[in-house]
Amino acid sequence: TKLEGFFIKVYKSGTKSYGCRARLGGVGKPKQISLGHCDVTDFNVAKEKAKELIYSVKYEGVNPKEKIRTESLKQKTLLDLADDYIAIRFPKSMSAYTKKDYPARMKSRMPSLIKMSVTEITIDDVQSWWKKSKQLRSDQVAFGYARKLFAQALVKEYVTENVFETAK
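Throughout what follows, the structure given in this document is the object of discussion.

## With respect to empty space enclosed by the protein
Working step 1: A full pass over the atoms with the stated rule returns one cavity of 30 Å³ or more.
Working step 2: There is about 40 Å³ of room inside the largest cavity.
Working step 3: Lining the largest cavity are Leu81, Asp84, Tyr85, Leu149, Gln152, Ala153, Lys156 and Tyr158.
Working step 4: Elements with a contribution of two residues or more to the lining of the largest cavity: α3 (78-93) and α7 (137-155).
Working step 5: Tallied by class, residues from the lining of the largest cavity come to five nonpolar, one polar and two charged.

## Notes on the pairing of strand β1 (residues 6-10)
Successive residues of a regular strand alternate their side chains across the two faces of the sheet.
Working step 1: Sheet topology places β1 next to strand β2 (residues 16-23); five bridges connect them, and they run antiparallel. From the neighbouring strand, Phe7 faces β2, where its bridge partner is Gly19.
Working step 2: Taking the residues that link successive antiparallel strands as the turn, the β1-β2 hairpin has five residues, and the phi of Gly14 there is positive, at about 100 degrees.

Reading the values: rules and limits
- Residues numbered from 1 in each chain as written.
- Predicted model: local features only at pLDDT ≥ 70, side-chain atom pairs only at ≥ 80, totals over all residues.
- Heavy atoms only, no water.
- 1 Å grid on protein atoms, 1.4 Å probe; cavity = no way out; pocket = protein on both sides within 12 Å on 5 of 7 lines; lining within 4 Å.
- Points joined across faces, edges and corners; volume = space filled by probe spheres on them.
- Helix = DSSP H or I, 4+ residues; strand = E, 2+ residues; numbered from the N terminus.
- Nonpolar A, V, L, I, M, F, W, Y, C, P; charged D, E, K, R; others polar.
- Pairing = 2+ DSSP bridges.

So, in structure tokens, the structure goes:
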């Protein structure tokens, strides 16, 4: 009763979990966040976490789910983008050879770039890779693949610019 928005939810199965709810910036539809099962999480820990989340949502206007999403996107690599791209395109318009070729070509032709997070790759990194490569047809194809993957990442707002398009 003292902390508005903090609650314990009891499911039909009998499972109980802590949660909190607050309106983003104090207006609109409430954002609900699960804090953990009552059996595992201590009440005082859940209550402190709820205080922090309610304050950040209500007064700072920060959606914690969006924050978690952006943090997880920072970990994506070119191979992760390739997997996402293949998952979307494979059943319809991509051959089995192309499905295998994307990750294989990235690993063989761009070993320095696939280790980096996509948010960390800069135009200088791409140009440096190109100068060090043998600039064979295989490198050109890998560059084209990376350009497509970054275009997809740009649409999904993983990155703010397509560094491969700019470096071209």
